[in-house]
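# Descriptive analysis of the structure
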Amino acid sequence: MHAERFAAMGTRVELHLFGTVERAAIDAARRAIEAVDDALTIHRPSATTALNDCLMAGRPCHVDDPLLLDALIEIETAHALTQGLFDPAADAARPGAGWGAVRFDRSAARIAASQPVAFDFGGFGKGFALDRACDALRDAGVTSAFLCAGESSIAVIGEHPLGEAGRSPYPIRSRPSAFWWNSSCVTRRSRSRRRWVRGRVRPGARL
């Protein structure tokens, strides 16, 4: 097993890879996570802060960053699938703000809003980054891996090398959860009670 630990997205990221793994695969996964951090962070200048500045000023915006565009496409899909429960543009301080106020043309990469709106990708960003890292690892031939970002987000590739014995607890906000390893990604953002779930873990699963 190889374990890689580094800081990104305001938390500690861990990559646990099983079997024979080339250093290039690990580096590619790390670059994928750091690229998402650079694109989606709101804690330093980024494509997202530029987008938020436009939308808060009431101006339409062309989305030039491909990672931000992909994130917005994922958000549009998740918002529809959850009937509006998932909404990284919602803000209690601005009634009516949220994805419902957004006009998004994915084919033209254009976005506008009918009132001031700002995105905070939070837990979604971590899950989105782990998905990208998993894609990089699969492309490199990795067949078994466990990835986590802080205590809120995990992703897995394939089966645990110990099979059913690999059912293993992992602390999510100090509450143990057992996950069946089979190419899933789960993100929990406790403050807003939003979840971004992909793979075989059912949507809305309690963590």
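So, here is what we can say about the structure in this document.

Each value, and the rule that gives it
- Residues numbered from 1 in each chain as written.
- Predicted model: local features only at pLDDT ≥ 70, side-chain atom pairs only at ≥ 80, totals over all residues.
- Heavy atoms only, no water.
- Buried < 20%, exposed > 50% of the residue type's maximum accessible area, 1.4 Å probe, protein only.
- Helix = DSSP H or I, 4+ residues; strand = E, 2+ residues; numbered from the N terminus.
- Contact = heavy atoms within 4.5 Å.
- Polar contact = N/O pair within 3.5 Å; in protein donor to acceptor, adjacent residues only side chain to side chain.
- Pairing = 2+ DSSP bridges.
- Axes fitted to C-alpha atoms, helices over the stretch in contact; angles between N-to-C directions.
- Parallel < 35°, antiparallel > 145°, perpendicular 65-115°, else oblique.
- Left-handed = near helix turned anticlockwise from the far one by under 90°.
- Nonpolar A, V, L, I, M, F, W, Y, C, P; charged D, E, K, R; others polar.
- Disulfide = S-S within 2.5 Å.

### Some points on helix α2 (residues 47-56)
The periodicity of an α-helix, 3.6 residues per turn, causes residues three or four positions apart to be oriented the same way. All of the buried residues in α2 are Thr48, Thr49, Leu51, Asn52, Cys54 and Leu55. For α2, the elements touching its buried residues are α1 (23-40), β3 (61-62), α3 (66-81) and β5 (110-113). Of the residues flanking the end of α2, it is Gly58, one or two places downstream, whose phi is positive at about 80 degrees.

### Description of the side chain of Asn52
Locating Asn52 in the fold gives a position in helix α2. With a relative accessible area of 9%, Asn52 lands in the buried category. Within the structure, Asn52 has its side chain in polar contact with the backbone nitrogen of Phe119 (distance 2.7 Å). Once you skip the residues sitting within four places of it in the chain, Asn52 turns out to touch Ile42, Val117, Ala118 and Phe119.

### Digging into the sheet that holds β3
The three strands are arranged β3-β5-β4 in an open sheet whose pairing can be described as antiparallel. On the outer flanks of this sheet lie β3 and β4 (102-105), each paired with one strand and no other. Taken together, the two bridges between β3 and β5 define a ladder with antiparallel strand orientation. Looking at β5, one finds that His62 is bridged to Arg110. Here α2 sits on the sheet and contacts β3 and β5; the angle it forms with β5, its principal contact strand, is near 45 degrees.

### Some points on the packing of α3 against helix α4 (residues 122-139)
Where α3 meets α4, the axes come as close as 11 Å, and the angle between the chain directions of the two elements is 115 degrees. With respect to their mutual orientation, α3 and α4 come out roughly perpendicular. Along this stretch, α3 crosses α4, giving a crossing that reads as right-handed. Across the interface between the two elements, Leu67, Asp70, Ala71, Glu74 and Ile75 from α3 touch Phe124, Phe128 and Arg132 from α4. Tallied by class, the residues present in the contact of α3 with α4 amount to five nonpolar, no polar and three charged.

### Side note on the state of the cysteines
Tallying each qualifying case throughout the model produces zero disulfides. Sulfur of Cys61: no disulfide; nearest cysteine sulfur belongs to Cys54 and is 3.9 Å away. Residue class for Cys61 comes out buried when judged on its relative accessible area of 12%.

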